[in-house]
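Breakdown of the fold
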Amino acid sequence: MRGARMRRYVPKLIDWRMGFRKFNFFMVNCEIGSYSVSRDSIGQGLVGGYLNGSLQKMYATSCAKLSDDTLKDNPVSDMVVDSFGRLHTYLRISLTERCNLRCQYCMPAEGVELSPSPKLLSQSEIIRLANLFVSSGVEKIRLTGGEPTIRKDIEEICLHLSSLKGLKTLAMTTNGITLSKKLPKLKECGLTSVNISLDTLVPAKFEFMSRRKGHERVMESINTAIDLGYNPVKVNCVVMRGFNDDEICDFIKLTREKPLNIRFIEFMPFDGNVWNVKKLVPYYEMLDRVVKQFPSLKRLQDHPADTAKNFRIDGHCGTVSFITSMTEHFCAGCSRLRLLADGNFKVCLFGPSEVSLRDPLRDGADDDKLKEIIGAAVKRKKASHAGMFDIARTANRPMIHIGG
């Protein structure tokens, strides 16, 4: 009955665009050091009907701003602190715009125009900029693309980055096509965490979505990562209605015996991916399906800057997460910055604003000048990104240009 009652609300919520930018499906208000749930006549049907009592706190977003005590305990450069007090300790570096897949949610069918090689950052430029960020307070770097493993000097880049003083985590997001052969060496070079993208467990669907073969090789890479001791091995799954939303519980079954963190990601709009709200499967709907089949699902304590809502199921080795960028943003705790393959610096995934670090770097700018440029961009970061309908109308680059 609860599921039926929720489904009656879905069309109304999807079609209700007026004031949508201020509306999150769970109506979560983030406050420093606390959780709170706002309830109005429409939100009450969802929150009150499903997430009542103590469950409101259990399923609410974990959001926190940087406190004065945190700054005292973790002395960092003002360069990575924005005007809202958010400390940015996480840098995503895109190593290439090239990819060996053509996933429909990442690029248009006709492909995209790639930057010529001379306009991409060299290995030495990547290391210099990364060192600048790490010395200023960044503790985690994630390598992305395109597909980062197709870059020929990927092992050398990992070796240099992992040796940076102050860096605690060196992670990578990959499609897994060539990862299995390269991962042993990458681990030796200091790669500490791996996210592997996999949107379906059905090979025919994989070929349809990615416009390439390779499902078996991705599964092999997941098993190789497990065998090498990565725990958890994170599996990113973009959920799209009518394509793979019927596989949610099948993915979760993989966590029973394997140390996997299955991460369900709401379908997001980017240039050329033909985003449509009808394809979006919102968090609360995914959660409803999971709870029906796995009633022992329990919410875990999230870090204030975590993008994912994390859960565990009794008796399962792995975990389950939801990334709710569209229906319940986590901007209040955002700690992420992005360095694109062409050297542009981006402070928000969904914001169109970019500033070049490559050009001043090649013009001879010293570290102080680069820090000034970076710091000014961080200070311009907005409190939150726009609502999903505004994002869909805003010019932004294809995901393959930005970096996964």
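Residues numbered from 1 in each chain as written. Predicted model: local features only at pLDDT ≥ 70, side-chain atom pairs only at ≥ 80, totals over all residues. Heavy atoms only, no water.

**Section: the overall build of the chain**
The cut-off we apply is this: By definition, any uninterrupted DSSP run of H or I lasting at least four residues is a helix, any uninterrupted run of E lasting at least two residues is a strand, and each is numbered from the N terminus. By the convention used here, residues are in contact when the closest approach between their heavy atoms is within 4.5 Å. Methods summary: accessible areas were calculated by the Shrake-Rupley approach with a probe of 1.4 Å, and residue burial reflects only the protein chains presented.
If you tally the helices and strands in the chain, you get 15 helices and 14 strands. Taking the contacts inside the chain whose residues are at least 6 apart along the sequence as the reference set, 73% of them involve residues at least 24 apart. Element-wise, carbon and sulfur atoms account for 52% of the exposed surface of the chain, whose accessible area totals about 17700 Å².

**Some details on the pattern of salt bridges**
Test applied: The working definition used for a salt bridge is a side-chain nitrogen of Lys or Arg within 4 Å of a carboxyl oxygen of Asp or Glu. Each residue is placed in one exposure class: buried if its accessible area under a 1.4 Å probe, protein chains only, is under 20% of its type's maximum, exposed if it is over 50%, and partly exposed if it falls in between.
Enumeration according to the criterion identifies 20 salt bridges in this entry. Aspartate 82 is paired through a salt bridge with arginine 86; the nearest N and O atoms lie 2.6 Å apart. Taken individually, aspartate 82 and arginine 86 each receive the classification buried, so the pair is uniform in this respect.

**Looking at the nonpolar core**
The criterion, for reference: To form a nonpolar core, buried Ala, Val, Leu, Ile, Met, Phe, Trp, Tyr and Cys residues must be joined to one another through side-chain atoms within 4.5 Å.
With 80 residues, the main nonpolar core has Ile141, Leu143, Phe264 and Phe345 as its most contacted residues. Considering each element in turn, this core owes the most residues, 7 residues, to helix α5 (residues 123-135). Membership of the second largest hydrophobic core comes to 8 residues, among which are Met240, Ile265, Phe267 and Ala308.

**Concerning unusual backbone geometry**
Of note, the amide linkage connecting asparagine 231 to proline 232 takes the cis form, showing an omega dihedral of 5 degrees. By the secondary structure assignment, proline 232 is in the loop between α9 (215-227) and β7 (233-239). The phi angle at arginine 211 is positive, at roughly 60 degrees, despite the residue not being glycine. On the secondary structure map, arginine 211 appears in the loop between α8 (203-210) and α9. Take arginine 211: its relative accessible area is 28%, and that puts it in the partly exposed class.

**Details of the packing of aromatic side chains**
Definition in use: Here the aromatic set is Phe, Tyr and Trp, taking the six-membered ring for Trp, and pairing holds for ring centres within 6.5 Å; pairs whose planes are under 30 degrees apart are stacked, those over 60 apart are edge-to-face, and all others are tilted.
Per the counting criterion, the structure on display carries 6 aromatic pairs. Seen in terms of ring centroids, phenylalanine 251 and phenylalanine 264 are 6.3 Å apart; in terms of plane orientation they differ by 90 degrees. Their pairing is edge-to-face. Of this pair, phenylalanine 251 sits in helix α10 (residues 248-253) while phenylalanine 264 is found in strand β8 (residues 260-266), placing the two residues 13 residues apart along the sequence. With a relative accessible area of 0%, phenylalanine 264 lands in the buried category. The interplanar angle of 35 degrees and the centroid separation of 5.7 Å between the aromatic rings of phenylalanine 264 and phenylalanine 322 together place this pair among those described as tilted. Taken together, the residues span a long stretch of sequence, with phenylalanine 264 in strand β8 and phenylalanine 322 in strand β11 (residues 319-323) at a distance of 58 residues. Across this residue pair, the class does not change: phenylalanine 264 and phenylalanine 322 are buried. Pairwise contacts between aromatic rings join Phe251, Phe264, Tyr283, Phe311 and Phe322 into one cluster.

**Concerning the sheet that holds strand β4 (residues 140-144)**
What counts, and what does not: A pair of strands is considered paired only if DSSP assigns at least 2 bridges between the two. Whenever a helix is involved, its axis is fitted only over the stretch in contact; in every case the axis is a line through C-alpha atoms, and angles between N-to-C directions fall within 0 to 180 degrees.
A sheet is described by the order of its strands in space; here 12 strands give the open sequence β9-β10-β11-β8-β7-β6-β5-β4-β3-β12-β13-β14, paired in mixed fashion. A single partner strand is all that each edge strand has here, and the edge strands are β9 (298-299) and β14 (355-356). In this sheet, strand β13 (residues 344-346) lies alongside strand β12 (residues 336-339) in antiparallel orientation, the contact comprising 2 bridges. Note that in β13 the partner of leucine 339 across the bridge is phenylalanine 345. Packed onto the sheet, helix α6 (residues 154-162) meets β4 and β5 (169-174) and runs at close to 150 degrees relative to β5.

**Observations concerning the confidence of the model for the chain**
Counted only if it meets this: How sure the predictor is of each residue is captured by pLDDT, a score from 0 to 100.
Looking at the chain as a whole, the pLDDT averages 78, with 71% of positions reaching at least 70. Note on residues 1-67: pLDDT is under 50 here. Beyond four places in sequence and across chains, it has 118 contacts. Overall, residues 385-394 carries pLDDT values under 50, and its contacts beyond four positions in sequence, including any with other chains, amount to 27 contacts.

**Observations concerning the packing of helix α7 (residues 179-188) against α9**
Applied cut-off: By the definition adopted for this analysis, an angle is roughly parallel if under 35 degrees, roughly antiparallel if over 145, roughly perpendicular if from 65 to 115, and oblique otherwise. Each crossing is labelled by how the near helix is turned from the far one, with a counterclockwise turn of less than a right angle marking it left-handed and a clockwise turn marking it right-handed. The residue classification treats Ala, Val, Leu, Ile, Met, Phe, Trp, Tyr, Cys and Pro as nonpolar and Asp, Glu, Lys and Arg as charged. All others, Gly included, are polar.
The N-to-C vectors of α7 and α9 enclose an angle of 25 degrees; their axes lie 8 Å apart at closest approach. Viewed along their axes, α7 and α9 adopt a mutual orientation that is roughly parallel. The hand of the α7/α9 crossing is right-handed. Here Leu179, Ser180 and Leu183 of α7 come into contact with α9, specifically with Glu220, Ser221, Thr224 and Ala225. Class assignment of the residues belonging to the contact of α7 with α9 gives a composition of 3 nonpolar, 3 polar and 1 charged.

**Quick look at α6**
What counts, and what does not: What the arc measures is the spread of directions leading from the helix axis to the C-beta atoms.
Within the sequence span of α6, burial applies to Ile154, Ile157, Cys158 and Leu161. Taken around the axis of α6, the buried residues stretch over an arc of 100 degrees, which confines them to a single face. Those residues of α6 that are buried are in contact with α5, β4, β5 and α7.

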